Amino acid sequence: MTARNQDNAAGEGTFAKAGDAAALSALIARAARADKGVPPVERWNPPFCGDLDMEIRADGTWFYLGTPIGRMALVQLFSSVLRKDADGRTYLVTPVEKVGIRVEDAPFLAVEMAVSGAGENQHLTFRTNVGDVVEAGSDHPIRFVEEEGTGGVKPYVLVRGRLEALVARPVMYELVELGEEVEIDGRAMFAVRSGGAIFPVMPAERLKALVG
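Now for a description of the structure that goes with this document. Because the structure is predicted, anything quoted here is derived from the model rather than measured.

The rules we used
- Residues numbered from 1 in each chain as written.
- Predicted model: local features only at pLDDT ≥ 70, side-chain atom pairs only at ≥ 80, totals over all residues.
- Heavy atoms only, no water.
- Salt bridge = Lys/Arg side-chain N within 4 Å of Asp/Glu carboxyl O.
- Helix = DSSP H or I, 4+ residues; strand = E, 2+ residues; numbered from the N terminus.
- Buried < 20%, exposed > 50% of the residue type's maximum accessible area, 1.4 Å probe, protein only.

The next thing to look at is the pattern of salt bridges. If you walk through the whole model with that rule in mind, you get 14 salt bridges. In this structure, the salt-bridge partner of Lys 154 is Asp 105, at a minimum N-O distance of 2.9 Å. Taken together, the residues Lys 154 in strand 11 (residues 153-160) and Asp 105 in the loop between strand 6 (98-103) and strand 7 (108-116) connect sequence positions 49 residues apart. Among the residues examined, Lys 154 registers a relative accessible area of 22% and is labelled partly exposed. Since its relative accessible area comes to 27%, Asp 105 is described here as partly exposed. Here Arg 169 makes a salt bridge to Glu 147, at a shortest N to O gap of 3.4 Å. Residue Arg 169 is found in helix 5 (residues 169-177), and its partner Glu 147 is found in the loop between strand 10 (142-146) and strand 11; the two are separated by 22 residues along the sequence. Given the relative accessible area of 42%, Arg 169 is considered partly exposed. A residue is classified by how much of its surface remains accessible, and Glu 147, at 18% relative accessible area, is buried. Residues joined by salt bridges that share partners form a network here, namely Asp 53, Glu 55, Arg 57 and Arg 102.

In structure tokens:
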């Protein structure tokens, strides 16, 4: 057996055996080489090894075994091997195994936005709570979802793969301030622009009804 095969064999099932967050992070670092940028998790096809007691809350806080993970370095490491599959579930993925985790809303939180240019040349760049930086556009679209019970909307920006960041409320207010009325498919829509793309927020008549 080659050294590489020995490493892979030793890694099988290690997610389930990890007793704490530090042990788990060490396993991910060895398997994913997370210090060399975001690993190519979309290209890996390991077997499913069950669910892990890890959860990402709506406010962006990560929990492992019911305890918040306080070290940002660990959270960033775990986030580097996240993948959301076509089944709608989110997983931690290494070359040798895949485990399911729980996500209350979105895996990331967009906590800052920078604006450059204006009109059709406007660019919106978001920073997430785990350090990702993405410019909204055709490759990183923004979508708006109606918030149940409030009549408001929640914006999400695509970060990578199928993983999105929920735009934090203070940033959402900044985002909505940049909105304008545009015609999309013959209908007046309140929308925002970035990177040459237009992202509809809601019909213009609905916005007018909300603001009175």
